[in-house]
Amino acid sequence: MNKHSFFILPLAAAALASCSSLPSSSSSGKSISSETKSSSIAQSSSSTEVSSSSTKNSSSSKEASSSSSVSSNSSSNSSSSVDVSDLKWITPTGAPTLAFYDQGSNTANWTSSSSPTTGVVPAFGTSDYDMIVFDGTSGLGVIAKNSYNYQLAQWISGGNFYVVSTKHTSISEFQAGQTIDGFVKTGNASKSFLKLSKDIWKWDYSDTEIAFEDGVAQVKTNLTANPSGHDYYIIAQPVLAAAKKALVSQTPAVTLNVVANLQSEWKKAYNQATIPAAALFVNKSSYEKKKDKIDAFMAITQSRQDDAVNAIDKVTSALNAYGDDTAVTARFGFTSALVSALQPTNQFGILKSGDITDKKAFANDFQTTLGASAFADSLFL
């Protein structure tokens, strides 16, 4: 079982839960040399193997002419008329990058990192970025503990977490002595699983019968290398789709069963819309100086989130225009083919306009259900 020795690392790695992606490299207009040190596991997506070594992603066939501006055809006129070209932001690769689907070439402003522990979390302690995308509740915890100068401004995604098995097909098949492989004990995938499995499903397992990997990528590696190594695996989209594809390609083909959708199980048990995942955090000093610009940026981002649910062809066209599968996976954490396959039912968990009407309540309802204290109002924009 993987153990973490200090506070920030487990919270940081939660981005690999809620912001899960196929392993990819870090992409930015600046070099962050430590971002890819922990990204040593390569996974395939749509038959494309992606290296996790540090690279700067750009399409050789096009100039990054949009790199100094943020644009969205679907944004409101009032938002698009505000110049936001000086704003900088950093995200993990994975599901929430759909909110920036047309910004692939914007390396001057947007950094995407496949190593949130070394790439994203340290940004909270600096003023290098106007905005940070990170696991919402984990980010709130990091800010509260360290008095960092950021506030949660907007939710981007809800959970995309599942329990899967090559041996079992339903929750009711669990028996004492069976084992589970999960990821990031402090992340929301694990927190929601632990709560549901113990309190609702009444699974009886010991601490030695559940392992927690450093990230969802390692779960996929374990699962595909030894499909019967554990009875159950906790995984997240889009890694789940990649794992299914890899397993069915083995000889003999292996069927991966979805035993539980943690989002629907959580909603049924606790009457909450979904499990919180990624959020946009705003630097308070930046907001004081650039309020109109950041407000416009958030409106454009929400517009892109809506596109990711309602205009999937538009999203995939932008991804394909950015580059081939290797380039797109390195920059975003998934391929356009996975978006086409998963987004008709919003399996990335992107939150559209109106889904979350109270950003504080969304975080605190989850926290208090887990038995933790609610987050202070001062942590929210």
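The rules behind the values
- Residues numbered from 1 in each chain as written.
- Predicted model: local features only at pLDDT ≥ 70, side-chain atom pairs only at ≥ 80, totals over all residues.
- Heavy atoms only, no water.
- Core = buried A, V, L, I, M, F, W, Y, C linked by side-chain atoms within 4.5 Å.
- Buried < 20%, exposed > 50% of the residue type's maximum accessible area, 1.4 Å probe, protein only.
- Helix = DSSP H or I, 4+ residues; strand = E, 2+ residues; numbered from the N terminus.
- Contact = heavy atoms within 4.5 Å.
- Phe/Tyr/Trp six-rings, centres within 6.5 Å; stacked < 30°, edge-to-face > 60°.
- Pairing = 2+ DSSP bridges.

J.: I would appreciate a short explanation of the nonpolar core in the present structure.
T.: Membership of the largest hydrophobic core comes to 38 residues, with the highest contact counts inside it found for I180, F193, W201, W203, I235 and L262. The element best represented in this core is strand β10 (residues 232–236), accounting for five residues. Setting aside chain neighbours within four positions, we find I180 in contact with F174, F193, W203, Y205, E209, I210, A211, H230, Y232 and I234. Ranked by size, the runner-up nonpolar core spans 37 residues in total, among them L280, Y287, F332 and I350.

J.: What should I look at first to understand the packing of aromatic side chains in this one?
T.: Each aromatic ring pair is characterised by the separation of its centres together with the angle its planes make. This structure, assessed with the given rule, holds 23 aromatic pairs. Centroid distance F124 to Y150: 5.5 Å. Interplanar angle 80 degrees. Geometry classified as edge-to-face. One end of the pair, F124, is in the loop between α4 (116–119) and β5 (131–135); the other, Y150, is in strand β6 (residues 150–155), and 26 residues separate them in sequence. The exposure classification of F124 matches that of Y150, with both residues buried. With 4.5 Å between their ring centres and 55 degrees between their planes, W266 and Y270 make a pair best called tilted. With W266 and Y270 both in helix α9 (residues 262–270), this residue pair falls four residues apart, about one helical turn. We note that W266, like Y270, is buried.

J.: What am I meant to see in the pairing of strand β12 (residues 278–283) here?
T.: Each regular strand displays side chains that alternate between the two surfaces of the sheet. With six of six residues buried, β12 lies mostly within the body of the structure. Side chains A278, L280 and V282 project from β12 onto one buried face, and the interleaved A279, F281 and N283 project onto a second face that is buried too. The pairing of β5 with β12 spans five bridges and is antiparallel. Paired with D135 across the bridge in β12 is A278. Alignment of β6 against β12, held across five bridges, turns out to be antiparallel. Along β12, the bridge assignment pairs Y150 with N283.

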